[in-house]
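Summary of the model geometry
Chain by chain, the residues run as shown.
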Amino acid sequence: MRNEPHLKLSDVLAELDMSRAAFYRMRARGKAPKCLKLPNGQLRFRRTDFEAWLQNCEEETTY
């Protein structure tokens, strides 16, 4: 990923190895990372928000 403070949707999809349709389904269920919606309709993600969301997705393994 780039070292920019805001990620594009394509960056997030590449990182998650997820299709756009699957992402929007996840977003509709309220399970997607927090994002900013620009006036032109595009989405941007703060890198820190995305990384925090990704960490919260980790499953705790107990043996």
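How each quantity is defined
- Residues numbered from 1 in each chain as written.
- Predicted model: local features only at pLDDT ≥ 70, side-chain atom pairs only at ≥ 80, totals over all residues.
- Heavy atoms only, no water.
- Buried < 20%, exposed > 50% of the residue type's maximum accessible area, 1.4 Å probe, protein only.
- Pairing = 2+ DSSP bridges.
- Helix = DSSP H or I, 4+ residues; strand = E, 2+ residues; numbered from the N terminus.
- Contact = heavy atoms within 4.5 Å.
- Axes fitted to C-alpha atoms, helices over the stretch in contact; angles between N-to-C directions.
- Phe/Tyr/Trp six-rings, centres within 6.5 Å; stacked < 30°, edge-to-face > 60°.
- Parallel < 35°, antiparallel > 145°, perpendicular 65-115°, else oblique.
- Left-handed = near helix turned anticlockwise from the far one by under 90°.
- Nonpolar A, V, L, I, M, F, W, Y, C, P; charged D, E, K, R; others polar.

**Quick look at unusual backbone geometry**
Peptide bonds are mostly trans, and most non-glycine residues show a negative phi. At D17, a residue that is not glycine, the phi angle is positive and equals roughly 55°. D17 gets classed as exposed once you look at its relative accessible area, which sits at 73%.

**Details of the sheet that holds strand β3 (residues 43–46)**
Taking strand neighbours across the sheet as the criterion, the three strands line up as β1-β3-β2 in an open arrangement whose pairing is antiparallel. One side of each edge strand has no neighbouring strand; the edge strands of this open sheet are β1 (6–8) and β2 (36–37). When β1 meets β3, the two strands line up antiparallel, connected through three bridges. Bridge pairing in β3 links K8 to R44. The strands touched by helix α3 (residues 47–57) within the sheet are β1 and β3, with β3 carrying the most contacts at an inclination of about 75°.

**Topic: helix α1 (residues 9–16)**
Two residues of an α-helix separated by three or four positions point the same way, owing to the 3.6 residues in each turn. Listed as buried for α1 are L9, D11, V12 and L13. Along its buried surface, α1 packs onto β1, α2 (20–28), β3 and α3.

**A few points about the packing of aromatic side chains**
Under the counting rule described, the total for this entry stands at three aromatic pairs. Here the aromatic rings of F50 and W53 are separated by 6.0 Å at their centres, their planes lie at 25°, and the arrangement is stacked. Linking F50 with W53, this pair stays in helix α3, spanning three residues, or about one helical turn. Taken individually, F50 and W53 each receive the classification buried, so the pair is uniform in this respect.

**Observations concerning the pairing of β3**
Both β2 and β3 contribute to a ladder of two bridges, which runs antiparallel. Bridging from a neighbouring strand, K37 pairs with L43 of β3. The loop that links β2 with its antiparallel partner β3 comprises five residues; one of these, G41, has a positive phi angle of about 95°.

**Quick notes on the packing of α1 against α3**
What describes two packed helices is the angle between their axes and the distance between those same axes. Closest axis-to-axis distance for the α1/α3 pair is 12 Å, and the angle between their directions is 25°. Of the possible angle classes, the one that applies to α1 and α3 is roughly parallel. The handedness of the crossing between α1 and α3 is right-handed. On α3, the residues touching V12, E15 and L16 of α1 are F50, W53 and L54. Grouping the constituent residues of the contact of α1 with α3 by class yields five nonpolar, no polar and one charged.

Scope: geometric values only; no functional claims are made or implied.
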